[in-house]
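# Close look at the chain arrangement
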Amino acid sequence: MRFLIAGALNTAFGLGLYPLLLFVFPLFQTHYMVGLLIAQAICLCFAFMTYKIGVFRSRGNLAREFAAFSTYYLFNYAVNWGALPLLVEAGGLSPTLAQFGFSLLLMIGSWFWHSRITFKQGI
């Protein structure tokens, strides 16, 4: 249940932050990938803390856990960096809608990665 709550919070935060950056900073409407980079960096730190403290209640090594956590998201961010321009430029979707769809895929894999690798007890 804590994972679902944290996931909803992280999703709402991430899905709200990206469009907010595009709205507040008109330059990001043209350079939406710069907005994505900033949003991803902020969301990575936010999500790590919600999962570490709120979901897994881990007291493990901060640096090791952040590295494992980041590995999952950095891989997905790299895929996202390829998918978003394709969905926007070739697919004709808005950046916000394309990012929402990609975020849904990201959520599915996160439970398995974090429960088995990032915050696995005894590492």
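Everything that follows concerns the structure shown earlier in this document.
Residues numbered from 1 in each chain as written. Predicted model: local features only at pLDDT ≥ 70, side-chain atom pairs only at ≥ 80, totals over all residues. Heavy atoms only, no water.

### Considering the environment of Gly 54
By the element assignment, Gly 54 lies in helix α3 (residues 32-55). Measuring from C-alpha to C-alpha, the distance between Gly 54 and Gly 92 comes to 38 Å, with 38 residues separating the pair along the chain. Residues contacting Gly 54, with those up to four places away along its chain left out, are Arg 2 and Met 49. (Helix = DSSP H or I, 4+ residues; strand = E, 2+ residues; numbered from the N terminus. Contact = heavy atoms within 4.5 Å.)

### Comments concerning the packing of aromatic side chains
Aromatic ring pairs: the centre-centre distance and the angle between the two ring planes describe each pair. Considering all chains together, one arrives at 13 aromatic pairs under this definition. Considering the side-chain rings of Phe 48 and Phe 66, the 5.0 Å spacing of their centres and the 85° angle between planes classify their relative orientation as edge-to-face. In this pair, Phe 48 is assigned in helix α3 and Phe 66 in helix α4 (residues 62-90), connecting sequence segments 18 residues apart. Overall, Phe 48 belongs to the buried group, its relative accessible area being 2%. Owing to a relative accessible area of 30%, Phe 66 belongs among the partly exposed residues under this scheme. By way of ring pairs, the aromatic residues Phe 3, Phe 48, Tyr 51, Phe 56, Phe 66, Phe 69, Tyr 72, Tyr 73, Tyr 77, Trp 113 and Phe 119 are connected into one cluster. (Phe/Tyr/Trp six-rings, centres within 6.5 Å; stacked < 30°, edge-to-face > 60°. Buried < 20%, exposed > 50% of the residue type's maximum accessible area, 1.4 Å probe, protein only.)

### Concerning a nonpolar patch on the surface
A surface patch of nonpolar side chains, about 390 Å² in accessible area, is lined by Leu 87, Leu 93, Leu 97, Phe 100 and Leu 104. With three residues, the top contributor of residues to the nonpolar patch is helix α5 (residues 95-118). Residue placement: Leu 97 occurs in helix α5. (Patch = residues over 30% accessible without salt bridge, like charges linked within 9 Å, V, L, I, M, F, W, Y side chains within 5 Å. Areas by Shrake-Rupley, 256 points an atom, 1.4 Å probe, with all protein chains shown as cover. Salt bridge = Lys/Arg side-chain N within 4 Å of Asp/Glu carboxyl O.)

### Focus on α4
Look at α4: 40 Å from first C-alpha to last across 29 residues, which is about the 42 Å you get at 1.5 Å a residue. The principal kink in α4, of about 25°, is found at Asn 80. Buried within α4 are the following residues: Glu 65, Ala 68, Phe 69, Ser 70, Tyr 72, Tyr 73, Asn 76, Tyr 77, Asn 80, Ala 83, Leu 84 and Val 88. Where α4 is buried, its residues touch α1 (2-24), α3 and α5. (Expected span 1.5 Å × (residues − 1). Bend = angle between axes of the 7 residues up to and from the residue.)

### Comments concerning the side chain of Ser 110
If you trace the backbone, Ser 110 turns up in helix α5. Excluding residues that lie within four positions of it along the chain, Ser 110 makes contacts with Phe 3, Tyr 51, Tyr 72 and Tyr 73.

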